[in-house]
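Given next are the chains, with one letter for each unit.
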Amino acid sequence: MAETYRNISATGATPLAITDNMNFGNPQKPEIMGQFAGCIRGMAAACTALDFPVISGNVSLYNETRLPDGRMQPIHPTPVVGMVGLVHDLEHVRGQAWREAGDAIWLLGVPLETGEAPADLRLGLAGSSYLERIHGAVTGRPPEIDLALERSVQGFLRQAIAQGLVASAHDLSDGGLAVAAAECCMATAAAVPGAAGQTLGARFELPASSVRLDRLLFAEGGARLLVSVPAERAAAWQQALEAANAAAPGSVPAQRLGVVTAPGGTAAAELEIHQAGQADPLLHLPVAQLAESFEQAIPRRMGVDLPPTV
């Protein structure tokens with residue numbers, strides 16, 4: 001629910017309502033019924049806090065597979081949420097692609113952890129894409145959802161987009177910061193007006209931290225979005241942030257993390273992630289290599305060789 005709300009807000013649209021598709025196993029089993037009931041309670045809380053209704057939906061139950069030993073294996077509890085939003089002015093619609101080299105990159109939502117305070121329960125690797133893909137585990141208690149923070153951060157973002165302060169916006173969901181940064185870079189080739197085929201990169205400068213790198217780069221949660229701000233709008237952006245947090249202290253956490261970069265000369269666009277106090281970059285890859293890995297993911301899974309797309 002929070003991610004869907006965030007996706008709509010990142011375009012500049014006003015969230016209006018949702019439809020849902022609830023997919024679960026056998027509800028005659030107490031643990032499955034518990035999943036279903038808990039999910040409904042969570043959705044109701046989100047609707048109340050974020051102020052939108054459920055206008056339609058359906059339910060699919062008894063989704064199970066019989067294993068070779070005869071046991072029934074239920075699917076993971078899978079609520080699917082689709083949201084509709086209202087675009088007030090097409091000129092204000094934003095996408096995830098960086099727009100211009102030199103734009104500042106900001107993180108909205110829960111800031112990066114330094115390790116000086118206890119771990120923020122609104123962030124975590126439990127239930128994350130990183131945990132599943134790298135460690136083969138789907139387990140743990142997911143991050144706590146801060147609906148009040150979601151509402152204040154997304155409300156500020158929509159207002160900033162309407163005021164022309166934001167060039168692009170993209171929510172941090174599956175994969176966390178590093179994956180969102182890669183997605184913003186990969187999206188630029190087809191989205192930069194007047195520069196067909198040009199791909200933009202990014203350079204991130206993360207603060208020093210004693211937090212594990214996998215948590216720093218791939219933690220999910222925290223009502224987070226990456227936004228790019230044009231250089232000529234930097235002062236107005238800063239003023240808007242200060243005004244929002246003066247009216248409600250801490251309501252819109254924001255942290256500048258880097259800058260959008262363009263390839264120089266014959267060099268290719270690159271995604272670089274550096275950290276203060278570290279001599280070597282945490283990540284330094286050509287955007288074309290990221291895009292190739294992304295585009296070829298399904299063929300690799302199916303064992304099919306396709307020509308490169310980049």
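Overview of the structure.

Parameters at a glance
- Residues numbered from 1 in each chain as written.
- Predicted model: local features only at pLDDT ≥ 70, side-chain atom pairs only at ≥ 80, totals over all residues.
- Heavy atoms only, no water.
- Helix = DSSP H or I, 4+ residues; strand = E, 2+ residues; numbered from the N terminus.
- Buried < 20%, exposed > 50% of the residue type's maximum accessible area, 1.4 Å probe, protein only.
- Contact = heavy atoms within 4.5 Å.
- Areas by Shrake-Rupley, 256 points an atom, 1.4 Å probe, with all protein chains shown as cover.
- Salt bridge = Lys/Arg side-chain N within 4 Å of Asp/Glu carboxyl O.
- Pairing = 2+ DSSP bridges.
- Axes fitted to C-alpha atoms, helices over the stretch in contact; angles between N-to-C directions.
- Expected span 1.5 Å × (residues − 1).
- Arc of directions from axis to C-beta.

This part is about the overall build of the chain. The helix and strand inventory of the chain stands at nine helices and 14 strands. For the chain, the spread of C-alpha atoms along the principal axes amounts to about 60 × 50 × 45 Å. Counting only residues that meet the buried cut, the chain has 40% of its 310 residues in that class. At a minimum sequence separation of 6, the contacts of the chain that also span at least 24 residues come to 78%. Here the chain displays about 15,900 Å² of accessible surface, and carbon together with sulfur accounts for 56% of that area.

Moving on to the pattern of salt bridges. What the rule picks out here adds up to 10 salt bridges. Across the pair Arg 203 and Glu 205 runs a salt bridge whose closest N-O atoms are separated by 2.5 Å. Judged by relative accessible area, Arg 203 falls into the partly exposed class, the value being 30%. A salt bridge links Arg 203 to Glu 272, with the nearest nitrogen and oxygen atoms 3.0 Å apart. With a gap of 69 residues between them, Arg 203 in strand 9 (residues 201-206) and Glu 272 in strand 13 (residues 270-275) connect regions that are remote in the sequence. Here the salt bridges do not stand alone but share partners, grouping Arg 6, Glu 150 and Asp 171 into one network.

A few words on the sheet that holds strand 1 (residues 14-23). The strands that make up a sheet pair up through hydrogen bonds in the backbone, lying either parallel or antiparallel. Pairing is mixed across the open sheet formed by three strands, whose spatial order is 2-1-5. Strand pairing shows two members of the sheet lacking a second neighbour, strand 2 (54-60) and strand 5 (78-86), which therefore form its edges. The average angle at which neighbouring strand axes cross in this sheet is 20 degrees, direction not considered. For strand 1 and strand 2, the ladder comprises six bridges, and the chain directions are parallel. For Asn 23, the partnering residue across the bridge sits in strand 2 and is Ser 60. The sheet strands contacting helix 1 (residues 2-11) are strand 1 and strand 5, and the helix crosses strand 5 at an angle near 25 degrees.

Turning next to the side chain of Asp 171. As for its position among the elements, Asp 171 is in strand 8 (residues 168-171). Not counting chain neighbours up to four residues away, the residues in contact with Asp 171 comprise Glu 3, Arg 6, Asn 7, Ala 180, Arg 224 and Leu 225.

Here we take up helix 7 (residues 234-247). Since there are 3.6 residues in each turn of an α-helix, residues three or four apart along the chain are aligned in direction. A rise of 1.5 Å per residue sets the reference length of helix 7, with its 14 residues, at 20 Å; its end C-alpha atoms lie 20 Å apart and thus fit the reference within 8%. Burial in helix 7 covers these residues: Trp 237, Ala 240, Leu 241 and Ala 244. Relative to the axis of helix 7, the buried residues are bounded by an arc of 100 degrees and lie together on one face. Of the exposed residues in helix 7, the ones pointing more than 90 degrees away from its buried face are Ala 235, Gln 239 and Ala 246. Taken together, the buried residues of helix 7 touch strand 6 (104-108), helix 4 (147-162), strand 11 (225-229) and strand 12 (254-261).

Turning to unusual backbone geometry, a few remarks are in order. Glycine aside, the phi torsion of most residues is negative, and most peptide linkages are trans. Of note, Asp 51 is a non-glycine position whose phi angle comes to about 65 degrees, a positive value. Residue position: Asp 51 is located in the loop between helix 2 (30-50) and strand 2. The class for Asp 51 is exposed, based on a relative accessible area of 55%. Positioned with a positive phi, Tyr 62 is a non-glycine residue whose angle comes to about 60 degrees. With respect to the helices and strands, the residue Tyr 62 is situated in the loop between strand 2 and strand 3 (64-66).

Taken by themselves, the reported measurements are silent on function.
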